[in-house]
Amino acid sequence: MTLKLPRAILLAFLPFFPGVAFALNISLAQIDASRLLVTQNVKVYVSVTNDLGQPVEGLEPGAFSIAESSDGVTFQQIPRIAAFTPNAGAVTGITFLLLIDDSGSMYDTLDSRPTTDPALMRIAHAKDAVRTLVASMTSPADRVGLAYFNTSYHLLSRPTSDRDMIAGLLDGIQRPTPDQAYTELYASLTLAAREFAGIEGRKAIIVLSDGENYPYVQHAGKPHPVFGNRIFSPAESITANQEEGNTIYAVNFGIGSVPDRNLKDIALQTGGKIFDAKNRDELASVYDTIHRQVAGEYLLTYRATLTPAEKKYVRASVASSEGDASVTRFYFASTVFGLPMRSLTLFLLIPFILAGLLLWVLTLLRLERKRGPASLEVLHTQVGHPVTRVVPLTTSKTVIGGSPKADLTIVGAPQLREQHATILFDPKDKRYTVVGTGDILVNNQPVKRRTLESGDVIDVGGATIVFDDEEQGAK
Amino acid sequence: MTAFARRLILLALGVLAGICAWPAAELILFLQTGFPSYLVFSALLGAVTGALMGAFFGSAEGITSRVKSRIPRGMLLGALVGCGGGGLGLLAGQAALWLIGTLVMQSYGNFQRVVLPLSHAIGWAVLGVFVGAGEGVRAGSLKKIGIGILGGLTGGLLGGLVLEYSRLLFPRMGISRLIGFAILGLAIGGFYGLIERGMSFGILRILTGALKGKEFLLNQRRMRLGRSPRNEIALPSYEDLADRQAQVRIHKGEVVLVNLEPRLPMQVNEQKVLESRLKLGDVIRMGSVRIFYKYE
């Protein structure tokens, strides 16, 4: 059966949801754009199932098509799929994390009755099912990790290829104390996402739970020992896992148990599914189905478009004699400088020309100094500061000192005499002479009286003063 | 030109570099769809913006040393180095942006307000590092490379953040990217000016002649002094100097001045010497030029 819904309606309802109940379902489990910059290629992992939830195998490349969009509305068809790999999960290996609910209700029977017989408890069935799944992993490329949760999240092993060890760790899951028996489902899914950090390729969390999220802080009436007053939301667990490219497969375990109302969305939005496991055999088969579904994914590699967008929507479609379906997710496609302007105008030339002109003006800065009259310039003072930095030598006598009446006054310098040094001008030979009443240095040599040359550096009580007489220098 | 004026010139050149690079970047961004791949697009975008900014910074030495003939050569070399640095920088920045963006893109509420601006700013910073280092590569100075990296990193981060947040706050403002570019250039120029000073071994201030008042930062291990415009301390208008009259060497934190052409005697504090370990406050005389060695 094929439903011919208008495309816009389909897109409106299907932004992130894997295949709807057509004859075929398609889910876009992962978009790998890590090679986009180098190869311009994007890899998408899709799984196709029929109405019974069974993986559809043997599809040809021609059954698939890819389209990209910058806004999720207008799609551009990709002309051809560059590479097609069936059974991609088996080829590249899958990294699993098995996350087992260890809350109080998991110690009831499958039909929710209290029991003291460990063999009848849900947890026993769950452990058996996990052993079955681990044993069924025949691909040496697969890796599996193990964690469980109740009031807290407990990691037993990060993903490893040592499956015997994983099976052995199941015995470490013990019945929780009453205070540890709450169901922190969302928190645990959020924390579990981190276990895949740094792992590339296909990643899946299989969460086995028998009830709804039952946060400690809400129901125990006191802060959580680790999370405090924080209550995790379903969105957080979705976000955390989408960030890492993880797919969540959820198994609602047990007869008569109320599934968490958001667990289905969590699974769907991360590209996974939710299953109901009614008994041990069914449970074992569900795990097997997930394994086969992941392993049987199709890997489609295509050359991405360059349409500017912060995030790029990818629509993967499948069409065969059994029906058709499509799914849309997005990947991060923002560029460093961001989106382009909607239109270019000639006004853009203005800053370009203006910058060039101003650069030209800078190059025209007066590159050489004009000659001026003789002067004294204070470069530096160890103590105090000059009233003026530059003093032209326009009279026959220029006094340097601490007195306000001096021609060049340096205030706040107690070591300076009122009239520490005097510059005398001899109009006959047009020479300047410095005469010290206190200690002075010229070019770091102590002097009492000295005829000055342009560029001489006079130290007057710690003030460094340059004598400048360009006309003399030009002689 | 004093060290302060040199800083102002570098700041002005930085802003102008950003202003000039902006329209070129807008043009390439507008043509994004027509590129064959993100690789070519990013490399060209980075190369063009880097080349323009590099050309502006390359002109700085010619302008501040008052040797006009250095300006076109500096600009050309700056553009070439900036082209390479910008191309590599934007590729690296793009890779960093995608790495971070992909990891955290689904943080719903925070995506627009935190993730996108921050990841963009990191991309800008990586670009800034390469563009900033360009001037040091051009000058063949490891110190300048370090200075440029710091300036580029700071400017890129600031420019990127200002760009992103001004875009968020004023969505209709079409010049957000211009502001980002100007800040990037300003910070690189500012760092060249500020940190260059802090990482130098003092200043030689010219006391006489046409370049009176000009200050040369001692920020390279070896600096040549003489009439040739190729010298780091170029004194072309002092005709009694040889093309390469002297050399300043930095050795174990000490500044040593060596007279390479003893036909023209060198005096330090009025004592004739061939070589001298300079102390702050020393007065040097070589023919018609007098130089004061100072720190500030």
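A few points on the structure. Values in this document were obtained by computation on a predicted structure and should not be read as measured data. (Residues numbered from 1 in each chain as written. Chains lettered and ligands numbered in written order. Predicted model: local features only at pLDDT ≥ 70, side-chain atom pairs only at ≥ 80, totals over all residues.)

**Focus on the overall build of chain A**
Just so we agree on the cut-off: Under the DSSP-based scheme used, a helix requires at least four consecutive residues in state H or I and a strand at least two consecutive residues in state E, with every element numbered from the N terminus. Field definition: a residue is buried when 20 or more other C-beta atoms are found within 10 Å of its C-beta, exposed when 12 or fewer are, and partly exposed for counts in between, with C-beta atoms placed from the backbone. This entry defines residue contacts through backbone-placed C-beta atoms, with two residues in contact when those atoms are within 7 Å.
A count of helical and extended segments in chain A gives twelve helices and 24 strands. Residue burial in chain A is summarised as follows: out of 475 residues, 44% are buried. In chain A, once contacts between residues fewer than 6 apart in sequence are set aside, the share between residues at least 24 apart is 64%.

**A short note on the interface of chain B and chain A**
Just so we agree on the cut-off: Side-chain classes follow a simple rule in which Ala, Val, Leu, Ile, Met, Phe, Trp, Tyr, Cys and Pro form the nonpolar group, Asp, Glu, Lys and Arg form the charged group, and the remainder, Gly included, forms the polar group.
Contact residues are listed per partner, giving 65 residues for chain B and 50 residues for chain A. Mapped by element, the contributors of at least two residues to the side of chain B that touches chain A are helix 1 (3-30), helix 2 (38-64), helix 3 (70-104), helix 4 (108-139), helix 6 (176-198) and strand 11 (289-294) of chain B. Residue classes in the side of chain B that touches chain A are distributed as 36 nonpolar, 19 polar and ten charged.

**Looking at the nonpolar core**
Put simply, the test is: Joining buried Ala, Val, Leu, Ile, Met, Phe, Trp, Tyr and Cys residues through C-beta atoms within 7 Å gives a set, and that set is a nonpolar core.
Val 46 and Ala 316 of chain A together with Leu 16 and Phe 56 of chain B are the most contacted members of the largest nonpolar core, which totals 100 residues. Top contributing element to this core by residue count: helix 2 of chain B, with 14 residues. Excluding anything up to four places from it in sequence, Leu 16 of chain B contacts Ala 355, Leu 358 and Leu 359 of chain A together with Phe 56 of chain B. Grouped together as the second largest cluster of nonpolar side chains are 52 residues, Leu 376, Ile 423 and Tyr 432 of chain A together with Val 255 of chain B included.

**Quick look at the environment of Thr 247 of chain A**
Residue and element names in this part refer to chain A. By the secondary structure assignment, Thr 247 is in strand 10 (residues 246-253). The class for Thr 247 is buried, based on 29 C-beta atoms found within 10 Å. Distance in space between the C-alpha atoms of Thr 247 and Leu 268 is 8.6 Å, their sequence separation being 21 residues.

**Structural notes on the packing of helix 1 of chain B against helix 2 of chain B**
All names here are of chain B. Worth spelling out the cut-off: Think of each axis as a best-fit line through the C-alpha atoms, taken over the contacting stretch in the case of a helix, with angles from 0 to 180 degrees between the N-to-C directions. By the definition adopted for this analysis, an angle is roughly parallel if under 35 degrees, roughly antiparallel if over 145, roughly perpendicular if from 65 to 115, and oblique otherwise. Each crossing gets its handedness from the near helix: less than a right angle anticlockwise from the far helix is left-handed, clockwise is right-handed.
Where helix 1 contacts helix 2, the two axes come as close as 9 Å, and the packing angle between them is 155 degrees. For the element pair helix 1 / helix 2, the angle class is roughly antiparallel. In the packing of helix 1 onto helix 2, the handedness of the crossing is right-handed. Residues Arg 6, Ile 9, Leu 10, Leu 13, Leu 16, Ala 17, Cys 20, Ala 21, Ala 24, Ala 25 and Ile 28 of helix 1 form the contact with helix 2, whose participating residues are Leu 44, Leu 45, Val 48, Thr 49, Leu 52, Met 53, Phe 56, Phe 57, Ser 59, Ala 60, Ile 63 and Thr 64. Across the contact of helix 1 with helix 2, the residue classes break down as 19 nonpolar, three polar and one charged.

The values are spatial; any link to function lies outside them.
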